[in-house]
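The primary structure of each chain is shown beneath.
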Amino acid sequence: VMLALVTLAVQADAPLTDERLDNLLGAMDELQPVMEQVSQRLASLPEDERPPRLDPRAEDFDPEAMAESMTEALEKVDADSDVRRVAEKNGFDSVEELLEVQARVMMGFLAQTQEAMMNNPNVPEQARQKMKQQFGNIADKVSDNDREVLERNKQKIMDFMQAQARKQQNMQQQQPTN
């Protein structure tokens, strides 16, 4: 019985599903400019008022903690209503659900990148050490369910990221040079 309770506690509020992943990818175009504004507003706050930066190596670092700290940050700079609008428009029940799904995708992606680096004999030892220093054992914090969803949707995520990179390039090319 105890084991079942522990397993339940670890089960997240918003585990990844194909649908949640699609919702997140659909929301990103609207979400990114909002999040950039949030970053700028947070950066302009005095040091002691900024939310603490999360350390991916910390024991208690997980998608829920990440989402919670982001939610607090949004409230601090009055951007929670902007993100809520994006969340609801894209099929999420709450800002927290959107942020948790985003955190799960980010963590899963980091874990996959880290594992690929660690298992690649061509990656220099120095680079592996640096990766481990930065992200610790992040792979252990990604649930089997999240891994399966990310694996199943790998191509969709890659296509999305390539499209985002192209948009960035186009925007930079459109900016007038002095």
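Please refer to the structure higher up on the page.
Source: prediction; values computed, not measured. (Residues numbered from 1 in each chain as written. Predicted model: local features only at pLDDT ≥ 70, side-chain atom pairs only at ≥ 80, totals over all residues. Heavy atoms only, no water.)

1. Observations concerning the overall build of the chain
Here is step 1 of the chain: On a plain count of helices and strands, the chain comes out with eight helices and zero strands.
Here is step 2 of the chain: Traced from its N-terminal end to its C-terminal end, the chain shows the element sequence α-α-α-α-α-α-α-α.
Here is step 3 of the chain: By the burial criterion, 36% of the 178 residues in the chain qualify as buried.
Here is step 4 of the chain: Looking at the chain alone, contacts between residues at least 24 apart form 77% of all its contacts between residues at least 6 apart.
Here is step 5 of the chain: Counting every atom, the chain has about 11,600 Å² of accessible surface; 51% of that belongs to carbon and sulfur. (Helix = DSSP H or I, 4+ residues; strand = E, 2+ residues; numbered from the N terminus. Buried < 20%, exposed > 50% of the residue type's maximum accessible area, 1.4 Å probe, protein only. Contact = heavy atoms within 4.5 Å. Areas by Shrake-Rupley, 256 points an atom, 1.4 Å probe, with all protein chains shown as cover.)

2. Description of the nonpolar core
Generally speaking, nonpolar side chains in soluble globular proteins are found buried as a group.
Here is step 1 of the chain: Residues L24, L31, V38, L74, V83 and L98 are the most contacted members of the largest nonpolar core, which totals 31 residues.
Here is step 2 of the chain: The set of elements that each furnish at least two residues to this core consists of α2 (18-43), α3 (63-76), α4 (80-89), α5 (95-118), α7 (144-152) and α8 (154-174).
Here is step 3 of the chain: Take this core: its biggest share by element is ten residues, from α2.
Here is step 4 of the chain: The residues contacting L24, other than those within four sequence positions of it, are F92, L98, V101, Q102 and V105.
Here is step 5 of the chain: In this structure, A103, M107, M131 and A139 belong to the second largest nonpolar core, which totals twelve residues. (Core = buried A, V, L, I, M, F, W, Y, C linked by side-chain atoms within 4.5 Å.)

3. A closer look at the environment of L110
Here is step 1 of the chain: You can see L110 is positioned in helix α5.
Here is step 2 of the chain: We classify L110 as partly exposed; its relative accessible area is 25%.
Here is step 3 of the chain: Residues L110 and M131, spaced 21 residues apart in sequence, show a C-alpha to C-alpha distance of 9.9 Å.
Here is step 4 of the chain: Ignoring any residue separated from it by four or fewer positions in sequence, one finds L110 in contact with M131, F135 and I138.

4. Concerning a nonpolar patch on the surface
Here is step 1 of the chain: On the surface, F109, M158 and M161 cluster together into a nonpolar patch covering about 240 Å² of accessible area.
Here is step 2 of the chain: Of note, M161 is situated in helix α8.
Here is step 3 of the chain: The class of M161 is partly exposed, set by a relative accessible area of 36%. (Patch = residues over 30% accessible without salt bridge, like charges linked within 9 Å, V, L, I, M, F, W, Y side chains within 5 Å. Salt bridge = Lys/Arg side-chain N within 4 Å of Asp/Glu carboxyl O.)

5. A short note on the packing of α5 against helix α6 (residues 125-135)
Here is step 1 of the chain: At a closest axis distance of 10 Å, the pairing of α5 and α6 adopts a crossing angle of 155°. Between α5 and α6, the crossing angle belongs to the class labelled roughly antiparallel. Note on packing geometry: the crossing formed by α5 with α6 is left-handed. Along the contact surface, α5 presents L110, T113, Q114, M117 and M118, while α6 presents A127, R128, M131, K132 and F135.
Here is step 2 of the chain: Of the residues assigned to the contact of α5 with α6, the class counts are six nonpolar, two polar and two charged. (Axes fitted to C-alpha atoms, helices over the stretch in contact; angles between N-to-C directions. Parallel < 35°, antiparallel > 145°, perpendicular 65-115°, else oblique. Left-handed = near helix turned anticlockwise from the far one by under 90°. Nonpolar A, V, L, I, M, F, W, Y, C, P; charged D, E, K, R; others polar.)

6. Overview of the environment of V86
Here is step 1 of the chain: One can find V86 in helix α4.
Here is step 2 of the chain: Each C-alpha atom, one on V86 and one on L24, is 9.9 Å from the other, the two residues being 62 residues apart in sequence.
Here is step 3 of the chain: When near neighbours in sequence (up to four residues on either side) are disregarded, V86 contacts A27, E30 and L31.

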